[in-house]
Amino acid sequence: MALFVNDSGGKTSFHLDLWGRISRGHQKLHRKERMHIETWNVRTLLQAGKLENAKQKMKRNRLDVMGMCEMRWEGNGELVSGDYKLFYSGEEKQGQHGVGVLLGPRVKDKVRRVDYIDGRLMMVRLEGSEKDLVIVQTYMPTSQYDEEQVDQCFGRMEEIIE
């Protein structure tokens, strides 16, 4: 399975197949099934219809996975909406931070494990044909935060990767 990774600007940045081979542009790596992934700073999913907008964007861009940050939902859990499944991790108080991973119809049933860390970090492990795909979704502190908070976030990320 080949993997397309898009940043929140919507441009394809590189291709990575699950065996670790990388190519640039839209060259075909293999005649295998491809997975399309994009990230999006949604600013908030507290507004009515915003989740539907994300689902429409996934369908329009033929995405399988959309990583989201700044969702602003409280707590953590999962939500099924039509053919899509959303895993989210937020703060104890609604309205701050929050990350999520929205899975499309092709991959929503391939979840092996979800780790909800906090409102800035979560991990989703998807079953692959030869190797699993681990997605770490993060919403890193900006330069306005003190160095200790940034270091804590990096420390938690290192723990989840190991």
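Use the structure listed above.
Model, not experiment: these values are computed from the prediction. (Residues numbered from 1 in each chain as written. Predicted model: local features only at pLDDT ≥ 70, side-chain atom pairs only at ≥ 80, totals over all residues. Heavy atoms only, no water.)

## Things to note about the overall build of the protein chain
From N to C terminus, the protein chain includes 2 helices and 11 strands. In sequence order, the secondary structure elements of the protein chain are arranged as β-β-β-β-α-β-β-β-β-β-β-β-α. When burial is assessed residue by residue, the protein chain has 44% of its 162 residues classed as buried. The long-range fraction of contacts in the protein chain, counting pairs at least 24 apart against all pairs at least 6 apart in sequence, stands at 49%. For the protein chain, the accessible area works out to roughly 9,500 Å², and carbon and sulfur atoms hold 44% of it. (Helix = DSSP H or I, 4+ residues; strand = E, 2+ residues; numbered from the N terminus. Buried < 20%, exposed > 50% of the residue type's maximum accessible area, 1.4 Å probe, protein only. Contact = heavy atoms within 4.5 Å. Areas by Shrake-Rupley, 256 points an atom, 1.4 Å probe, with all protein chains shown as cover.)

## Notes on the sheet that holds strand β9 (residues 111-118)
Spatially, the 3 strands line up as an open sheet ordered β9-β10-β11, and their pairing is antiparallel. In the strand order of this sheet, the two ends are held by β9 and β11 (133-138), each with one partner. Here the strands of the sheet are splayed against their neighbours by 10° on average, with no regard to which way each runs. Pairing between strand β10 (residues 121-126) and β11: 6 bridges, direction antiparallel. Within the sheet, the bridge partner assigned to M122 lies in β11 and is Q137. Packed onto the sheet, helix α2 (residues 147-161) meets β9, β10 and β11 and runs at close to 170° relative to β11. (Pairing = 2+ DSSP bridges. Axes fitted to C-alpha atoms, helices over the stretch in contact; angles between N-to-C directions.)

## Re the environment of G67
Along the polypeptide, G67 turns up in strand β5 (residues 65-69). What makes G67 buried here is its relative accessible area of 4%. Spatially, the C-alpha atom of G67 lies 6.4 Å from that of L102, the residues being 35 residues apart in sequence. Non-local contacts of G67, meaning those with residues more than four positions away in its chain, are made with E38, T39, W40, G100 and Q137.

These results come straight from atomic positions and should not be treated as a statement about function.
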